[in-house]
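Given next are the chains, with one letter for each unit.
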Amino acid sequence: MLRVQNLTVGYASPVVRGASLSLAAGQIGVILGRNGSGKTTLLRGICGSARVYGGSVQVNGQECLGLPARRLARHLALLPQRSPLPRGLRAGEVIQMGRYVHGSPFCSDDPRQEELARQAARSLGIEELWGRDCALLSEGQRQLVQLARALAQDAPLLLLDEPSSALDPENAHLLFRHLRLLTQSRNKAALAVVHDPALALRWGDRLFCMEKGILSGGICPAEATPQQLQDFLGGIWPQILVKKDKETGLFYSLLA
């Protein structure tokens, strides 16, 4: 679904150098790293909002670098870390923005396009928020509204930049639970930047590490031992301990 090869991106000068990764349909990839390591810049390079110095980005076999913004949006959707929503903008209006790339103007009165947007809201269990002012929603509800917008866009690849940064643990896991269902039931892939190793171990199918602009890893938790995961994450958190719960078989982490 996603193949990034030797991607070098930045701004006035390169920030991320020679990044390569791949994801299959149904997978969630997670990028971990310290602040300033280049994680967000990599996402911006993939979606065309940072300067590309070289490399390739393919989604479903289609080369995406250089595509016009509207065509690119049919291949990938971005959920930014923070996206302020002004008072007076309804949740349904935000979700319908995702249909714009398919030819529907904002606030279209086309019932077919509205129904597709409503389907995205229903899939996340937030259709009751449709007519509510986004300024009055909780941070978790606004993130789910933005995720519904990205889902309504109907792109095969979802990019998420620290989607849980403003969420409490319960809502953070709720968002990733929805993301898991979406990727597996709709033949999509997702690539997310996160800071919480617990979220990465619980929901990530492939884990990548970013350090000083260099991407490494691609480790699969389902195929790794606790020690292998601990060694991998130790490059970011030297004191981390990774354990496997005997009852659930799920990995969890502790910071000593």
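Cut-offs applied
- Residues numbered from 1 in each chain as written.
- Predicted model: local features only at pLDDT ≥ 70, side-chain atom pairs only at ≥ 80, totals over all residues.
- Heavy atoms only, no water.
- Helix = DSSP H or I, 4+ residues; strand = E, 2+ residues; numbered from the N terminus.
- Rg over C-alpha atoms; globule rule 2.2 N^0.38 Å.
- Buried < 20%, exposed > 50% of the residue type's maximum accessible area, 1.4 Å probe, protein only.
- Areas by Shrake-Rupley, 256 points an atom, 1.4 Å probe, with all protein chains shown as cover.
- Lys, Arg positive; Asp, Glu negative; His and termini not counted.
- Charge placed at Lys NZ, Arg CZ, Asp CG, Glu CD.
- Domains from an automatic or database assignment.
- Contact = heavy atoms within 4.5 Å.
- Buried area = accessible area lost by both parts, 1.4 Å probe.
- Salt bridge = Lys/Arg side-chain N within 4 Å of Asp/Glu carboxyl O.
- Polar contact = N/O pair within 3.5 Å; in protein donor to acceptor, adjacent residues only side chain to side chain.
- Pairing = 2+ DSSP bridges.
- Axes fitted to C-alpha atoms, helices over the stretch in contact; angles between N-to-C directions.
- Core = buried A, V, L, I, M, F, W, Y, C linked by side-chain atoms within 4.5 Å.

Caption draft 1: The overall build of the protein chain, seen in detail. Check the secondary structure of the protein chain and you find eight helices and twelve strands. For the protein chain, whose C-alpha radius of gyration is 18 Å, the value lies close to the compact-globule estimate of 18 Å for 256 residues. Its C-alpha atoms give the protein chain principal-axis dimensions of roughly 55 × 45 × 30 Å. Out of the 256 residues in the protein chain, the part that is buried amounts to 51%. Entry remark: accessible area of the protein chain is about 11,900 Å², with carbon and sulfur atoms responsible for 48%. If you average the places of the 29 positive and of the 22 negative side-chain charges in the protein chain, the two averages end up 5 Å apart.

Caption draft 2: Here's a closer look at the domain arrangement of the protein chain. Split by domain assignment, the protein chain resolves into domain 1 (1-75 + 155-223) and domain 2 (86-152). Centre-to-centre separation of domain 1 and domain 2, based on C-alpha positions: 23 Å. Taken together, the contact pairs 15 residues of domain 1 with 15 residues of domain 2. The junction of domain 1 with domain 2 conceals about 1,300 Å² of combined surface from both sides, 68% of it contributed by carbon and sulfur atoms. Summed over the three residues of domain 1 that lose the most area to domain 2, namely Arg70, His178 and Leu182, the buried surface amounts to 36% of that side. Linking domain 1 to domain 2 there are zero salt bridges. At the boundary of domain 1 and domain 2, one finds four residue pairs in polar contact (both at pLDDT 80 or more). When residues of the side of domain 1 that touches domain 2 are traced back to their parent elements, those giving at least two are strand 7 (157-161) and helix 6 (169-185). Top element by residues in the side of domain 1 that touches domain 2 is helix 6. It accounts for five residues.

Caption draft 3: The arrangement of the sheet that holds strand 5 (residues 62-63) in detail. Taken in spatial order, the four strands line up as 2-1-4-5 in an open sheet, and their pairing is antiparallel. Both edges of this open sheet fall to strand 2 (14-23) and strand 5, since each of them pairs with a single strand only. Two elements, strand 4 (residues 51-59) and strand 5, share two bridges in a ladder whose sense is antiparallel. Among the inter-strand pairings, Gln58 is bridged to a residue of strand 5, identified as Glu63. Helix 1 (residues 39-46) rests against strand 1 (2-10), strand 2 and strand 4 of the sheet, and its axis sits at about 115° to strand 1.

Caption draft 4: Expanded view of the nonpolar core. Membership of the largest hydrophobic core comes to 54 residues, with the highest contact counts inside it found for Ile95, Ile126 and Leu160. The dominant element in this core, judged by the number of residues it contributes, is helix 5 (residues 139-152), at seven residues. Of the domains in this structure, domain 1 (1-75 + 155-223) and domain 2 (86-152) are the two that each give at least three residues to this core. Not counting the four nearest positions on each side in its chain, Ile95 is found in contact with Ala117, Ala121, Ile126, Trp130, Val145, Ala148, Arg149 and Ala152.

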